[in-house]
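# Fold and contact review
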Amino acid sequence: GGRSGGIRPACCFPRLSPTCERGGRKHMAAETRSGGYRGFGSFHSENVEEMISLEMTQVETEVPETAELRQGPKPKFGLDMRKHFLLDFEKWTFLNHGAFGGPLKFAHSLQWDIERQAEGNPVHFIDRELFSRLVLAHKHLARLLNARPQDVAMMPNATVALNTVISSISFEPGQRIVVMNLGYGSVKRMLKRAAARSGAIVDEVQVSFPIDIDPQQLVSKVAEAMDSYPGHCTLAVFDFITSNSAIRMPIEALVQEARSRGILSLVDGAHAPGMTALDLTRMDADFFVGNLHKHLCCPRGVGFLHVKDANKSSIEPLIVSHGYGNGFTSSFIWDGARSYAQALTVPAVISFWEWVGFDEARRYVRELCSDASKMLRKRWQTASPYLPHQPSARSYCDHNMTLVPLPDKLARGPPGATHNQGRASSDDGKAVQDYLHDKCCIECPVKCMEGVLYVRITAHVYNVLEDFERLAQAIDGLTWESMRAFHGCDV
């Protein structure tokens with residue numbers, strides 16, 4: 001609880017009164033009453049820990065910001081969905097939603113509406129409205145994740161959440177941290193810095209790509225690495241979906257292997273929320289982080305950290321402010337005067353997807369990604385890098401992002417180049433990606449994996465198969481010679 005003591009009966013809560021009405025929503029503020037401050041610091045707010053512990057009321061489950069939108073016809077997936085996004089579809093073929101997302105148009109407008117409301121009286125907004133609205137946003141998010149609101153802390157993004165966890169763990173000299181070589185680059189840098197400061201050792205489990213083992217074999221390989229240093233392995237870091245290689249990992253099995261050995265598990269779920277159903281209670285990872293600007297399509301600047309109750313006392317915020325020491329939610333909910341508008345859009349964004357249909361959207365993007373991948377591989381006469389003939393490996397691709405090898409004429413870099421010895425480089429990948437971007441107005445990343453070039457395609461609800469056919473056509477007519485001519489230099 002807060003500094004004001006334990007939980008008080010309902011009759012002692014500050015009475016709420018509507019201060020104004022905008023867009024059909026009454027914005028509530030606590031009336032000033034005698035008896036001192038209810039929350040932390042000198043904020044005229046209710047107690048955050050008490051608010052987060054209460055079940056959502058029926059009124060709180062309603063989201064008036066989407067009421068008008070939901071009265072219209074439900075959009076169809078594909079071209080009809082484009083009216084709900086800010087992306088410039090007239091200019092760009094956008095196949096890279098997995099990079100930095102793309103906010104829903106109404107959510108972007110709502111963010112600025114909230115900003116304008118706040119600036120009408122910043123003291124009133126921050127002092128009397130903000131915390132109750134942030135708590136409500138936490139509750140809506142927790143319901144989406146099947147988690148307790150008390151175990152969720154909103155963060156600016158997954159990077160901040162990952163740093164929060166890693167910097168909170170007290171590693172000792174010689175302790176081991178297990179991560180896969182396919183993990184995200186910045187996470188490896190975080191772990192290496194933690195190891196350099198503490199004397200711990202980072203062990204990378206080597207998984208080849210194209211992936212040549214099924215999910216159970218992958219789990220066994222990671223388990224063997226954890227067993228290599230009995231009693232000395234402290235933390236295992238897993239990607240829910242890897243970024244460069246677009247593999248959906250067998251995350252529940254990996255978490256279980258870590259838990260059975262008493263090893264903390266940290267799941268990097270940057271690509272998970274939105275187009276993948278999540279059940280964090282069932283997963284039971286010690287720590288899970290995610291972004292809400294990617295596939296959920298919130299405005300950029302909001303992610304989250306989920307922490308198992310038993311671990312919350314050991315997790316320290318990167319920024320200490322007034323709420324520190326008053327409980328988990330209080331410690332993270334306020335990190336200073338800044339905009340929190342992105343976080344306040346979360347209930348409305350979730351409401352939008354509930355209206356559209358989460359299950360239907362997820363099915364559409366998975367099937368479109370699969371169809372696009374098959375079309376490109378057939379067109380370019382290349383093979384899937386995800387064990388295509390093993391049914392047990394289909395789970396690797398059970399999402400909306402995948403890699404497709406470029407055709408042989410491009411896949412291994414410029415022919416005859418003395419530097420490559422039949423292997424492409426990341427510079428070669430950049431040259432192809434720049435050509436697609438600059439010449440064809442196609443936004444699609446090109447990844448270099450083990451000396452081979454791949455396109456990483458992402459299917460979202462606004463994409464159609466014709467978008468990927470446009471990519472196929474651009475690559476069909478591309479040669480290293482034509483790229484040299486376009487770029488005006490050697491590639």
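Reading guide: rules and limits
- Once a new chain begins, its residue numbering starts again from 1 and follows that chain's sequence as written.
- Only residues with pLDDT of at least 70 get local features here, since the model is predicted, and only at 80 or more are side-chain atom pairs given and counted; chain-wide, interface and lining totals rely on the full set of residues.
- With hydrogens and water excluded, all non-hydrogen atoms of the structure serve as input to the side-chain values.
- Labels follow the DSSP assignment, with helices taken as runs of H or I lasting at least four residues and strands as runs of E lasting at least two, numbered in each case from the N terminus.
- When we talk radius of gyration, it's over C-alpha atoms, and the globule rule is simply 2.2 Å times the number of residues to the 0.38.
- Remark: exposure states derive from per-residue accessible area (1.4 Å probe, protein chains only) relative to the maximum for the residue type, with buried under 20%, exposed over 50%, and partly exposed in between.
- Contact between two residues is taken to exist if any of their heavy atoms lie within 4.5 Å; hydrogens are not considered.
- Here, Shrake-Rupley sampling with a 1.4 Å probe gives the accessible areas, and only protein chains in the shown set may cover a residue.
- Definition used in this section: a nonpolar core is a set of buried Ala, Val, Leu, Ile, Met, Phe, Trp, Tyr and Cys residues joined via side-chain atoms within 4.5 Å.
- Whether two strands pair comes down to DSSP finding at least two bridges between them.
- Convention adopted: a line fitted to C-alpha atoms gives each axis, helices being fitted over their contacting stretch, and angles between N-to-C directions are expressed from 0 to 180 degrees.
- Seen with the strands pointing away from the viewer, any crossover whose path from the first strand over the helix to the second strand runs clockwise is right-handed.
- Centres within 6.5 Å are what make two rings of Phe, Tyr or Trp a pair, Trp counting through its six-membered ring; a difference in plane orientation under 30 degrees is then read as stacked, over 60 as edge-to-face, and the rest as tilted.
- A ring is considered to have a charge above it if a Lys NZ or an Arg CZ atom is located within 6 Å of its centre and within 35 degrees of its normal.
- Criterion for a disulfide: a pair of cysteine sulfur atoms at a distance within 2.5 Å.
- Between 65 and 115 degrees an angle is taken as roughly perpendicular, under 35 as roughly parallel, over 145 as roughly antiparallel, and anywhere else as oblique.
- By convention the crossing between two helices is left-handed if the near helix lies anticlockwise of the far one by an angle smaller than a right angle, and right-handed if it lies clockwise.
- Each residue gets one of three labels, nonpolar for Ala, Val, Leu, Ile, Met, Phe, Trp, Tyr, Cys and Pro, charged for Asp, Glu, Lys and Arg, and polar for the others, Gly among them.
- A residue's pLDDT is simply how confident the predictor is in it, with values from 0 to 100.
- In this analysis, the expected span of each helix is defined as 1.5 Å times one less than the number of residues it contains.
- When we speak of the arc, we mean the arc of directions from the helix axis to the C-beta atoms.

## Structural notes on the overall build of the protein chain
A tally of helices and strands in the protein chain yields 19 helices and 14 strands. Relative to the globule expectation of 23 Å for 491 residues, the C-alpha radius of gyration of the protein chain, 24 Å, shows essentially globular dimensions. Along the first, second and third principal axes, the C-alpha atoms of the protein chain reach 80 × 60 × 40 Å. Counting across all 491 residues of the protein chain, residues that qualify as buried make up 55%. Contacts spanning at least 24 positions in sequence make up 73% of the contacts within the protein chain whose residues lie at least 6 apart. Summed over its atoms, the accessible surface of the protein chain is roughly 21400 Å², and 49% of this surface lies on carbon and sulfur atoms.

## Here we look at unusual backbone geometry
A cis amide bond links F209 with the next residue in sequence, P210, at an omega value of 5°. By the secondary structure assignment, P210 is in the loop between β6 (201–205) and α9 (215–227). Although it is not a glycine, E450 sits at a positive phi angle of roughly 55°. Mapped onto the fold, E450 is located in the loop between β13 (446–449) and β14 (452–458). Judged by relative accessible area, which is 47%, E450 ranks as partly exposed.

## Things to note about the side chain of T382
Relative to the elements of secondary structure, T382 occurs in the loop between α15 (358–380) and β11 (401–405). Of the residues examined, T382 reaches a relative accessible area of 16% and is grouped as buried.

## Structural notes on the nonpolar core
By size, the foremost hydrophobic cluster in this structure holds 128 residues, and its most contacted members are F131, L218, M283, W353, L406, V432 and L471. Here the element with the most residues in this core is helix α6 (residues 122–145); it accounts for 10 residues. Residues contacting L218, with those up to four places away along its chain left out, are M180, V207, I211, I213, M249, P250, L254 and Y396. Judged by nonpolar contacts, the second largest core, of 28 residues, contains A161, L162, F287 and V289.

## Examining the sheet that holds β11
Ordered in space as β11-β14-β13, the 3 strands form an open sheet in which the pairing is antiparallel. A single partner strand is all that each edge strand has here, and the edge strands are β11 and β13. The mean inter-strand angle of the sheet, taken between neighbouring strand axes irrespective of direction, is 40°. Bridge count for β13 against β14 is 4 bridges, and the pairing is antiparallel. Directly across from C448, in β14, lies its bridge partner L453. Seen against the sheet, helix α17 (residues 426–440) touches β13 and β14 and runs at an angle of roughly 165° to β13.

## A word on the pairing of β6
When strand β5 (residues 176–180) meets β6, the two strands line up parallel, connected through 5 bridges. Bridged to M180 within β6 is V205. Viewed along the sheet, the connection from β5 through helix α8 (residues 185–198) into β6 turns out right-handed.

## Observations concerning the packing of aromatic side chains
Under the definition given, this model contains 18 aromatic pairs. Consider the rings of F209 and Y386, whose centres lie 5.9 Å apart with planes at 75°: the pair is edge-to-face. With F209 in the loop between β6 and α9 and Y386 in the loop between α15 and β11, the pair connects residues that are 177 residues apart, well separated along the chain. Judged by relative accessible area, Y386 falls into the buried class, the value being 2%. Three or more aromatic residues link up through ring pairs in this structure, and these residues are F40, F43, F131, W334 and Y340. Above the plane of the ring of Y340 lies R338, whose end atom (NZ or CZ) is 4.0 Å from the centre.

## A short note on the state of the cysteines
Applying the stated criterion across every chain, the model contains 0 disulfides. Lacking any disulfide linkage, C298 is separated from the closest cysteine sulfur, that of C297, by 7.9 Å. Here C440 stays unpaired: no disulfide links it, and the sulfur of C441, its closest cysteine neighbor, is 7.9 Å away. The class of C440 is partly exposed, set by a relative accessible area of 25%.

## Details of the packing of helix α5 (residues 105–120) against helix α14 (residues 346–356)
Orientation of α5 relative to α14, taken along the N-to-C sense of each, is 160°, at an axis distance of 10 Å. By the angle between their directions, the pair α5 and α14 is classed as roughly antiparallel. Crossing geometry of α5 relative to α14 is assigned as right-handed. Counting all contacts with α5, which are made through F106, A107 and L110, the residues of α14 involved are A348, V349 and F352. Here the residues of the contact of α5 with α14 are counted per class, giving 6 nonpolar, no polar and no charged.

## Thoughts on the confidence of the model for the protein chain
Overall, the predicted model of the protein chain reaches an average pLDDT of 91, with 91% of residues at or above 70. Per-residue pLDDT stays below 50 along residues 1–34; that stretch engages in 68 contacts with residues further than four places along the chain or on separate chains.

## Structural notes on α8
Under the 1.5 Å per step criterion, the end-to-end length of α8 is 20 Å for 14 residues, consistent within 8% with the ideal 20 Å. Looking at α8, one finds that the buried residues are V187, K188, M190, L191, A194, A195 and S198. Down the axis of α8, the smallest arc covering the buried residues is 155°, so these residues share one side. Every exposed residue of α8 that faces more than 90 degrees away from the buried side is listed here: R189, K192, A196 and R197. Where α8 ends, the next residue or the one after it, G199, has phi of about 90°, a positive value.

## Here we look at the sheet that holds strand β7 (residues 233–239)
With respect to topology, 7 strands assemble into an open sheet ordered β4-β10-β9-β8-β7-β5-β6, the strand pairing being mixed. Taken across any chain shown, the strands that pair with only one partner, and hence form the sheet edges, are β4 (152–155) and β6. On average, each strand axis in the sheet is inclined to that of its neighbour by 20°, with strand direction left out of account. Along the sheet face, helix α7 (residues 158–168) touches β4, β8 (264–269), β9 (287–291) and β10 (303–307) and points at about 160° away from the line of β9.

## Some details on the packing of α6 against α14
The angle between the axes and the distance between the axes are what describe a pair of packed helices. In contact at an axis separation of 8 Å, α6 and α14 are set at 35° when each is read in the N-to-C sense. Counting all contacts with α6, which are made through A137, H140, L141, R143 and L144, the residues of α14 involved are V346, P347, I350 and E354. Looking at the contact of α6 with α14, its residues break down into 6 nonpolar, 1 polar and 2 charged.

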